[in-house]
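The lines below spell out each chain.
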Amino acid sequence: MQETINRRGFLKIGATLATVPVFSQLSGTYSLFAKEPSDVLKNGEVITGTHWGVLKVTLKDGKVIDSKPFFNTSKIPNSLQGNTADMIYKSRVKYPMVRKSYLENPNDPKPALRGSEEFVRVSYEDAIKLVARELKKTRTQKGPASVFAGSYGWKSVGNVHNSRILLHRFMNLSGGFTGSLGDYSTGASQIIMPHVIGSIGVYEQQTSWPVILEHSNVVVLWGANPISTLKISWQVDDAQAFAYLEKLKASGKKLIIIDPRRSETIHYFDKARWISPLPNTDVAMMLGIANHLYKKGKYDKEFLETYTVGFDRFSEYLLGKTDGIDKTTAWASRICGIDEKTIQELAELFFENRTFMMSGWGMQRAHHGEQPHWMLVTLASMLGQIGLQGGGFSLGHHYSGAGVPTRKGATIGGINAASLGYFDENGKFIGTKSSGNDAASTGESWKLKVSASSFPVARIADALLHPGKTIHHNGKMITYPDIDFIYWVGGNPFSHHQNTNELVKAWKKPRTIVMNSIYWTPSAKMADIVFPATSQYERNDIAMIGDYSKHGISPMKQLVEKQFEAKDDYQIFSDLCLAYAGKELFNAYTENGKKEMDWIEEYYNVAYNTILKTPQLVTDMKPFKVFWSENKPVVFNSSMENESFVKFKDFRDDPILQPLGTPSGMIEIYSDTIAKMNYDDCKAYPSWFEPIEWLGMKQKPAEFHMLSPHPYDRLHSQQNQTRLRDTYAVANHEPIYINPKDAAKKQIKNGDTVRVFNARGEILTGAVVTDDVIEGVICIYEGVWYDPEKPGAVGSICKNGSPNLLTIDIPTSKLANGNISHTALVNIEKYTGKTLPLTAFSAPKGA
Ligand SMILES: Nc1nc2c(c(=O)[nH]1)N[C@H]1C(S)=C(S)[C@@H](COP(=O)(O)OP(=O)(O)OC[C@H]3O[C@@H](n4cnc5c(=O)[nH]c(N)nc54)[C@H](O)[C@@H]3O)O[C@H]1N2
Ligand SMILES: Nc1nc2c(c(=O)[nH]1)N[C@H]1C(S)=C(S)[C@@H](COP(=O)(O)OP(=O)(O)OC[C@H]3O[C@@H](n4cnc5c(=O)[nH]c(N)nc54)[C@H](O)[C@@H]3O)O[C@H]1N2
Ligand SMILES: [Mo]
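Keep in mind the model is a prediction, meaning the values are calculated, not measured.

Draft legend 1. Structural detail: the overall build of the protein chain. Along the protein chain, the regular secondary structure elements total 29 helices and 33 strands. Taken over the C-alpha trace, the protein chain has a radius of gyration of 27 Å; the compact-globule value for 847 residues is 29 Å, and the two agree within 12%. With respect to the three principal axes, the spread of C-alpha positions in the protein chain is 85 × 65 × 55 Å. Expressed as a percentage of the 847 residues in the protein chain, the buried residues total 65%. Excluding contacts between residues fewer than 6 apart, the proportion of contacts in the protein chain whose partners are at least 24 apart in sequence is 75%. As displayed, the protein chain has an accessible area near 29,600 Å², and 51% of this comes from carbon and sulfur atoms. Computed over 95 positive and 88 negative side-chain charges, the inter-centroid distance for the protein chain is 3 Å.

Draft legend 2. Structural context of the nonpolar core. Membership of the largest hydrophobic core comes to 162 residues, with the highest contact counts inside it found for Trp222 and Trp507. For Trp507, the residues in contact, after removing those within four places along its chain, are Arg114, Ile460, Leu464, Ile486, Trp488, Pro493, Phe494, Ile513 and Met526. Ile415, Leu585, Tyr589 and Phe624 belong to the second-largest nonpolar core, a separate cluster that totals 60 residues.

Draft legend 3. Representation of the site of ligand 2 within the structure. Close contacts around ligand 2 come from 33 residues, with Asp259, Asn280, Asp282, Arg365 and Arg714 the closest. Asp259 places a polar side-chain atom, nitrogen or oxygen, 2.6 Å from an oxygen atom of ligand 2. Classifying every residue of the shell around ligand 2 by side-chain character gives 14 nonpolar, 12 polar and seven charged. Each of two domains, domain 2 (206–225 + 240–405) and domain 3 (704–830), supplies a minimum of three residues to the shell around ligand 2.

Draft legend 4. The arrangement of the site of ligand 1 in detail. In the vicinity of ligand 1, 31 residues are found, and the nearest of them are Trp154, Ser156, His496, Arg539 and Ser717. At 2.6 Å from an oxygen atom of ligand 1 is found a side-chain nitrogen or oxygen belonging to His496. Side-chain polar atom of Asp569 to a nitrogen atom of ligand 1: 2.8 Å apart, as the coordinates give it. Protein chains bury 98% of the 920 Å² of accessible surface belonging to ligand 1 in isolation. Looking at the shell around ligand 1, its residues break down into eight nonpolar, 18 polar and five charged. Counting residues domain by domain, the shell around ligand 1 receives three or more from each of domain 1 (7–34 + 41–183 + 452–609) and domain 3 (704–830).

Draft legend 5. Main features of the sheet that holds strand S32 (residues 777–779). With respect to topology, six strands assemble into a closed barrel ordered S28-S32-S29-S31-S30-S33, the strand pairing being mixed. Between one strand and the next, the sheet's axes are offset by a mean angle of 45°, whatever the strand orientation. Judged from the two bridges that link them, strand S28 (residues 704–707) and strand S33 (residues 825–830) form a sheet pairing that is antiparallel. Residue pairing across strands places Phe704 opposite Val826, the latter belonging to S33.

Draft legend 6. Spatial organisation of unusual backbone geometry. Of note in this structure, Phe648 is not a glycine but carries a positive phi near 70°. Relative to the assigned elements, Phe648 resides in the loop between helix H25 (640–643) and helix H26 (649–653). When its relative accessible area of 14% is taken as the criterion, Phe648 is described as buried. The phi angle at Ala731 is positive, at roughly 55°, despite the residue not being glycine. With respect to the helices and strands, the residue Ala731 is situated in the loop between helix H28 (724–728) and strand S29 (735–738). Take Ala731: its relative accessible area is 42%, and that puts it in the partly exposed class.

Draft legend 7. Highlighting the pattern of salt bridges. Tallied over the full model, the rule gives 47 salt bridges. Between Arg133 and Glu134 there is a salt bridge; the shortest N-O distance is 3.1 Å. Overall, Arg133 belongs to the partly exposed group, its relative accessible area being 47%. Since its relative accessible area comes to 0%, Glu134 is described here as buried. Asp680 is paired through a salt bridge with Lys814; the nearest N and O atoms lie 2.5 Å apart.

Draft legend 8. Region of the structure containing helix H15 (residues 329–336). Among the eight residues in H15, six count as buried, and that is most of the element. Burial in H15 covers these residues: Thr329, Trp331, Ala332, Ser333, Ile335 and Cys336. Its buried side turned inward, H15 meets helix H12 (282–296) and helix H16 (340–352).

Draft legend 9. Highlighting the confidence of the model for the protein chain. Of all residues in the protein chain, 93% attain a pLDDT of 70 or more, and the chain-wide mean is 93. Long-range and interchain partners of residues 1–30, a stretch whose pLDDT sits below 50, account for 63 contacts in this model, where long-range means more than four residues apart. Long-range and interchain partners of residues 435–452, a stretch whose pLDDT sits below 50, account for 48 contacts in this model, where long-range means more than four residues apart.

Draft legend 10. Representation of the domain arrangement of the protein chain within the structure. When cut into domains, the protein chain gives domain 1 (7–34 + 41–183 + 452–609), domain 2 (206–225 + 240–405) and domain 3 (704–830). Placing the centre of domain 2 and that of domain 3 at their C-alpha centroids yields a distance of 28 Å. Contacts between domain 2 and domain 3 engage 19 residues on the former and 24 residues on the latter. For the domain 2 and domain 3 pair, buried surface summed over both sides reaches about 1,700 Å², with 54% attributable to carbon and sulfur atoms.

Draft legend 11. Representation of the packing of helix H6 (residues 163–173) against helix H22 (residues 569–590). The geometry of H6 relative to H22 is characterised by a closest axis approach of 10 Å and an angle of 20° between their N-to-C directions. The angle between the axes of H6 and H22 places the two elements in the roughly parallel class. The handedness of the crossing between H6 and H22 is left-handed. Residues Ser163, Leu166, Leu167, Arg169, Phe170 and Leu173 of H6 touch H22, and the partners they reach there are Asp569, Tyr570, Phe573, Leu576, Cys577, Leu585, Ala588 and Tyr589. Of the residues belonging to the contact of H6 with H22, the class tally is 11 nonpolar, one polar and two charged.

Draft legend 12. Here's a closer look at empty space enclosed by the protein. Per the counting criterion, the structure on display carries seven cavities of 30 Å³ or more. In this structure, the second largest cavity spans a volume of roughly 100 Å³. Every residue lining the second largest cavity is counted, 13 residues in all, and those nearest its centre are Asn280, Val283, His367, His368 and Pro372. Grouping the constituent residues of the lining of the second largest cavity by class yields six nonpolar, six polar and one charged.

Draft legend 13. Main features of the sheet that holds strand S4 (residues 53–60). Strand order in the open sheet made by the three strands is S3-S4-S5, with antiparallel pairing throughout. In this open sheet, the two strands that pair with only one neighbour each are strand S3 (44–50) and strand S5 (63–69). Between one strand axis and the next, the sheet turns through 30° on average, direction left out of account. As defined by bridge partners, S4 adjoins S5 across six bridges and the pair is classed as antiparallel. Paired with Val57 across the bridge in S5 is Ser67.

Draft legend 14. The UniProt feature "binding site: Mo-bis(molybdopterin guanine dinucleotide)" (unreviewed entry) in the protein chain, seen in detail. The positions that UniProt labels "binding site: Mo-bis(molybdopterin guanine dinucleotide)" (unreviewed entry) are, in the present scheme, Trp154, Arg365, Asn492, His496, Arg539, Asp569 and Asn804. For the residues just named, distributed over 651 residues, the greatest C-alpha separation reaches 35.1 Å, placing them at more than one site. Of the residues examined, Trp154 reaches a relative accessible area of 7% and is grouped as buried. Not counting residues within four places of it along the chain, the set of residues in contact with Trp154 comprises His51, Ile232, Ser233, Trp234, Tyr399, Gly490, Leu715, His716 and Gln718. Position of Arg365 among the secondary structure elements: in the loop between strand S14 (355–359) and helix H17 (370–383). Relative accessible area serves as the criterion here: at 8%, Arg365 is assigned to the buried category. Not counting residues up to four positions away in its chain, the partners in contact with Arg365 are Tyr184, Ser185, His710, Asn819, Ile820, Ser821, His822 and Thr823.

What counts as what
Residues numbered from 1 in each chain as written. Chains lettered and ligands numbered in written order. Predicted model: local features only at pLDDT ≥ 70, side-chain atom pairs only at ≥ 80, totals over all residues. Heavy atoms only, no water. Helix = DSSP H or I, 4+ residues; strand = E, 2+ residues; numbered from the N terminus. Rg over C-alpha atoms; globule rule 2.2 N^0.38 Å. Buried < 20%, exposed > 50% of the residue type's maximum accessible area, 1.4 Å probe, protein only. Contact = heavy atoms within 4.5 Å. Areas by Shrake-Rupley, 256 points an atom, 1.4 Å probe, with all protein chains shown as cover. Lys, Arg positive; Asp, Glu negative; His and termini not counted. Charge placed at Lys NZ, Arg CZ, Asp CG, Glu CD. Core = buried A, V, L, I, M, F, W, Y, C linked by side-chain atoms within 4.5 Å. Near = heavy atom within 4 Å. Polar contact = N/O pair within 3.5 Å; in protein donor to acceptor, adjacent residues only side chain to side chain. Nonpolar A, V, L, I, M, F, W, Y, C, P; charged D, E, K, R; others polar. Domains from an automatic or database assignment. Pairing = 2+ DSSP bridges. Axes fitted to C-alpha atoms, helices over the stretch in contact; angles between N-to-C directions. Salt bridge = Lys/Arg side-chain N within 4 Å of Asp/Glu carboxyl O. pLDDT = per-residue confidence, 0-100. Buried area = accessible area lost by both parts, 1.4 Å probe. Parallel < 35°, antiparallel > 145°, perpendicular 65-115°, else oblique. Left-handed = near helix turned anticlockwise from the far one by under 90°. 1 Å grid on protein atoms, 1.4 Å probe; cavity = no way out; pocket = protein on both sides within 12 Å on 5 of 7 lines; lining within 4 Å. Points joined across faces, edges and corners; volume = space filled by probe spheres on them. UniProt positions renumbered as here; feature names shortened; annotations may be inferred.

Structure, rendered in C-alpha cells:
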C-alpha cells in the first residue's frame, strides 16, 4: 500500500518551481494550471487532516469508501469522521454558474431576483473574465471600500488552500476591500476580556488537564458542552482532549454542569449534578452566589486587594447601594429559577474546595453577552484561587483542545494575506506597500486587526442595509461603507447569521455577489456568480495538528480527482489576478508561479528548520520528501514542563513583575476605560441586564426561549447533507427538543412536524419530546441549510428548520457588537399543512 503512495514523484515537485504561466489557446488568458496527468492513488489507504481529526481514508477504484480516525486515543465516539465520501460526492456545485439577469446585463442585474432566478452555466474562463471586469468596475466607480470580502467562516483546514486568506490575499493585492472584525464564536468575550484580564482569554492555552485532574476537587462546566464541541478544532483536531474527559469521569471528582438543557456532556457525565437556570440568567445566579459569599465573609480579601482593582465599587452594586437592589440569593432565584438553597450550596461548595470553573461560550452569544464572563472572573477572584493549581476559571477548555499540554515542536508556515497592491494610471500592478493598508483587513479574524473600513462581523446585514450609518464599537466610532460587491468563500452566512429574513433583504442591495463554493449551500444559491470549488479532499495540503497542543503535523494528501469542473480556490484567485491585471499581479499572488507542492514543502521546512536549529526539540521529524512519502503524521514529543502549566501562575507569583495587560496590570472588576465610554448597555463593572427577550420579561412577544447550540452531528452547516442526517432528522426536518409538559400543552407528539415561529420568521422542525430541556425552553441546533419554500422571498418558511430565521440580529452591546443567537423567544405549534418537499440539498434552477 505504502508503495503506491510513493508514486507521487518528488522530481516533479522540483520541476514545478520553474513553471511559468502558460497561454491557454482556448480562453486567451494565462493560466498556471495546465491539466497534468493525475497521480492520485486509486486503491489503498491515505492519511489526511480535517477539523474533526487525522483520518485514514480507504480508496477503491478511485473512490472513497471509508474513513476512520488515525488516533484512537479515547472511546468517546466522533460521528463526524466517517462521512468523507458524502463530503466529496453530495450536493456539489459542478460548473461555473451565473444568475440569468446578471449574465444578460451586469450593469442592471436585477438583484431582487437573487435566490429565485435560474442560473446559467458558463465556461470557467468566461466566469473569470466576468468577475475580474465587474470587480474592477466596482472599485473604479465606488472605491475599494465598497468591496466586502470579510467572508467569515469555518473553511477547511490546510495552510496552503486556506480559502479565506487566499481571498484576502487576492483582494489586498488587487486594490483593497472592506473586512470584518472579530468572529461569531466569542464576539462579546474577546472584546471585554482584554479590559478585564488584559488578553482575550478565549483563544489561549489554558491550565493543563493533568493539573486539573490532580488538584481540582470541584469542576464546574458553566454553559459548556465539551463532549460535543471538542469533536473539532480550528486546525486538525488532535483527539487528545477526550482522553482527559474520560479521566475526569473516572476520577469521581465532583462535577457541576450548568446548562438549561441536559446536554450531551451531562448525559456522558451521568454522575454530574445538573443545574438548569433559565437561559441568559447566569449573571443573576453568579451575583447571588457572590452576594452570599460576601455576606458570609467567605471570600478572599487578600486576593482581591493584591490582584484586582475595583471590587469596592462592584460590591456597592452587589449590595444594592447604587441601585437599591440587594442581589441576594432570593433575588437571584427569582430571575434564574434555581432555588435559593441550591445557590447557597454552590457558593459554599466553590469556596470550601479547590474549584475550577470552565465556561463555554454559548452564554456570551446572548444579549449583554459581555457580562457572564466578566462576572465569572469576578466570582473566581472572590474565591481567590486564580493562578493556583486546579483553581480559578477558564474560558476555553471546551474548544480546540485547550488544556491539552503543548508539545515540544515547531509550527509550519502558511499562506498570508499579503499587503495592499498599488497600480499605475494605466492599471499596471507596481507592487505593494507593506504597511498602512487602509481599506484592508488582513490576517485571521482571531487576531483582531482593526482597520479603517472593517466593521464587527455580525453587523453585516445592518451594514448592507444602512450604508453610512455610524455605530459605537469598543470606545470607537465606525461608519459602514456602501457595499456594492461581495465575495464570499469558506463560510455559509445564510446558515450562520441571525434573522435570516433581514439578511435576505440585505442581500438584495449589492450589485454583485460572488462565491467559490463546494456545495449548493443556501449561500451559494443566493449568489450571482458561483465558482465550483474543490473540497479539501481533491488537493494536496499540510496542516498543524492540535491548536494549543501543537501535537504534530498532518499531511493532507489528495484523495480523489477534482470533481466535475471544480477548481482550487488558489487557482481561481491566481486566474483572477491574471485577468485583473496580468502577469505582474499573478506573479505577486503566486510568488512567481508556485504551485501547491512548492508551498507545502516551504511550509513544512519552516518547522523543520526550527527543529534543526533547536537541538533541545528532539523529534523524529524527517526531511520533507520522506515525510510526504511516508503517509503518516509527524508527532512531537511531550513536555514535562507544559504538563504542569497553570494559567495566571506567573501573575500570582509576582503581580508587579508579571502584570496583566490591563491599564492597572490587575484584574479589573471595575474598568475606568469602559467607564469613560459611558455606554448605557455596558457599565464599568459586571452587572445584570435584562435581555431583550427572555422568559422573565413582562410582555413576552412569544412563549418559549429557543437555544440554538452547536450541533453534535455537524460542524455548523458542514455535513448537513451527509448520511448522518438520517440518524437525527425527524419527519425529514431538523429536530426540535421540547419538554413533555410543553408538548402536552401544545398537543405535540414525538415525530410530529412542528411549526416554530415568531415575528421574524417561521420554520418546520420535527418533534423530539424529552425532559432533556427544561419547561419553557426549546432547542434547535444551529447550522441547518436554510431551505425556503419560496427561494429568495423575504418571510418564506424554511422547510429544513434553520433556527436563525427566528434569532435576533442586534448587537450584544455597544462595547463588543457580538451576535446574540442564544437570545430569542419563539412559538410552537403542531404543523397540519401540506407536506413541503425538502430542497435544501439539491441544485437550484438551471444548475
Ligand atoms: N443560531 C446560532 N447561529 C450561530 C451560532 C450559534 O451558536 N447559534 N454560532 C455561530 C458561530 S460560533 C459560528 S463559528 C458560525 C459558523 O458559521 P460558518 O463558519 O459559516 O459555518 P460552516 O457551516 O462551517 O461554513 C463553512 C463553509 O465553508 C465551506 N468550505 C469549506 N472548505 C472550503 C474551501 O476550501 N473553499 C471554499 N470556497 N469553501 C469551503 C463549507 O462547504 C461551508 O459551506 O455560526 C454562527 N451562527
Ligand atoms: N460538534 C461540534 N463542535 C463544535 C462546533 C460545531 O458546530 N459542532 N462549533 C465550534 C465552534 S465554531 C465554536 S464557537 C464552539 C462553540 O462552543 P460554545 O459556544 O460553548 O457552544 P454552544 O453549543 O453554543 O453552547 C454551549 C452550551 O451552552 C448552553 N447555553 C446556551 N445558552 C446558555 C445560557 O444562557 N446559560 C447557560 N448556562 N448555558 C447556556 C447550550 O445549551 C450548550 O449546551 O464549538 C466548536 N465545536
Ligand atoms: Mo464559532
